[in-house]
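Per-entry structural report
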Amino acid sequence: MPGFLKEFFNRNGTLMGSLMLGLVLFWTVGLIILPQLSMLDFSFRPNLPPPEIGGPKDVYTLENYKYLIYGPEGGSQDYNAVDLKVFFRTLVAAVCVTIFNLILCYPIAYYLGQTKGNHIRVFALMLIIPYWINEILRAFALRIIFGESGVLNTLLVGSGIFDTPFDFIRNDIALYAGLGYAYILLMIFPIYNVIESLDHNQIEAARDLGAPWWRIHKRVVIPYAKPGISSGCTMVFMLSAGALAAPQILGGPSSLWFTQLIYQQFNDNSDWPQGAAYAIVLLVTCILLVLAVMRLFKVNMGDIGK
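A brief structural summary. Keep in mind that this is a model prediction, so the values were computed, not measured.

Overview of the nonpolar core
- Within the largest apolar cluster, 44 residues are counted, with the highest numbers of intra-cluster contacts made by Leu112, Leu179, Ile188, Ile191, Ile195, Val221 and Leu250.
- Of all the secondary-structure elements, those providing two or more residues to this core are helix 4 (81–114), helix 5 (118–128), helix 6 (135–146), helix 8 (173–182), helix 9 (184–195), helix 10 (200–208), helix 11 (213–241) and helix 12 (245–250).
- With near-sequence residues (within four places) excluded, Leu112 lies in contact with Ile120, Phe123, Leu127, Ile188 and Tyr192.
- In terms of nonpolar packing, the next biggest core, distinct from the first, is built from 23 residues, Phe237, Leu261, Ile262 and Val290 among them.

What follows is the structure in structure tokens.
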């Protein structure tokens, strides 16, 4: 038995260790790896009627991936401009949502981690309680707030800032706000967990030496909080790029999300191979982007796992 497994069973006991290891393996293999491998297999299959699946025509092909780039055969355009535009717009929007969440959540996480007192528990509880409500209900609530006759437009028009209601839905402001709000806790708490363990004396020493607040964060806090920042940004980016409920409810007519194209292929067109190919492309691209950014900022997988 490898040393780390022997240490794991010595620390947790044979029964509890086996149970924990079994649950982790079931979660990783049964609910993540095997479904993704099945999806990968689907992506290389042609779209056939059920009686022909497994027959001589059911051979591996790259047509489903070519469709994303070139579109249908005999089309009027050289490239599948619509789907490619939606794909890249989804990635750019997910990056923007991640940056917005980081800018918003870093000060909150720093305040929670470096401030003592019972009011901090109340503040943290106020952040958590809204997430007891289903994500879809929260999205519909935001649609009511950002609607033309919603709370926000009523206040803006009533105060004289706008003469007529502003269309937050059509301009995608409601969508980006909804995505940022949906994953805000996934950014706050990884950063908070790291900053909470930062020795406050280091910050006080930097202040005593005359360092301004921005230099303290640049040289002391942010390097120390890099594991939490990496973890939060990774989760927010991946979930934003793969979101479906918020784009469906809060998106305007021109804000088609790539996951909506995947949903259409699976459900509206009943083309599972094409939908699987689109899903695999989105997954692989997001993973490669995350790995590239980690390499750029010199972050390793161990930092994210802390």
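Here's the deal with the packing of helix 3 (residues 63–70) against helix 14 (residues 272–296)
- Between helix 3 and helix 14, whose axes approach to 8 Å, the crossing angle comes to 70°. With respect to each other, helix 3 and helix 14 are oriented roughly perpendicular. Seen from above, helix 3 lies across helix 14 with right-handed handedness. For the pair helix 3 and helix 14, contact is made by Asn64, Tyr65, Tyr67 and Leu68 and by Pro273, Gln274, Ala277, Tyr278, Ile280 and Val281, respectively.
- Across the contact of helix 3 with helix 14, the residue classes tally to eight nonpolar, two polar and no charged.

Some details on helix 14
- The terminal C-alpha atoms of helix 14, which comprises 25 residues, lie 36 Å apart, in line with the 36 Å expected from a rise of 1.5 Å per residue.
- Within helix 14 the residues assigned to the buried category are Pro273, Gln274, Gly275, Ala276, Ala277, Tyr278, Ile280, Val281, Leu282, Cys286, Val290 and Met294.
- One side-chain oxygen at the N-terminal end of helix 14 lies 3.2 Å from the backbone nitrogen of Gln274; it belongs to Asp271.
- Phi turns positive, to about 55°, at Lys298, one or two residues after helix 14.

What counts and what doesn't
Residues numbered from 1 in each chain as written. Predicted model: local features only at pLDDT ≥ 70, side-chain atom pairs only at ≥ 80, totals over all residues. Heavy atoms only, no water. Core = buried A, V, L, I, M, F, W, Y, C linked by side-chain atoms within 4.5 Å. Buried < 20%, exposed > 50% of the residue type's maximum accessible area, 1.4 Å probe, protein only. Helix = DSSP H or I, 4+ residues; strand = E, 2+ residues; numbered from the N terminus. Contact = heavy atoms within 4.5 Å. Axes fitted to C-alpha atoms, helices over the stretch in contact; angles between N-to-C directions. Parallel < 35°, antiparallel > 145°, perpendicular 65-115°, else oblique. Left-handed = near helix turned anticlockwise from the far one by under 90°. Nonpolar A, V, L, I, M, F, W, Y, C, P; charged D, E, K, R; others polar. Expected span 1.5 Å × (residues − 1). Polar contact = N/O pair within 3.5 Å; in protein donor to acceptor, adjacent residues only side chain to side chain.

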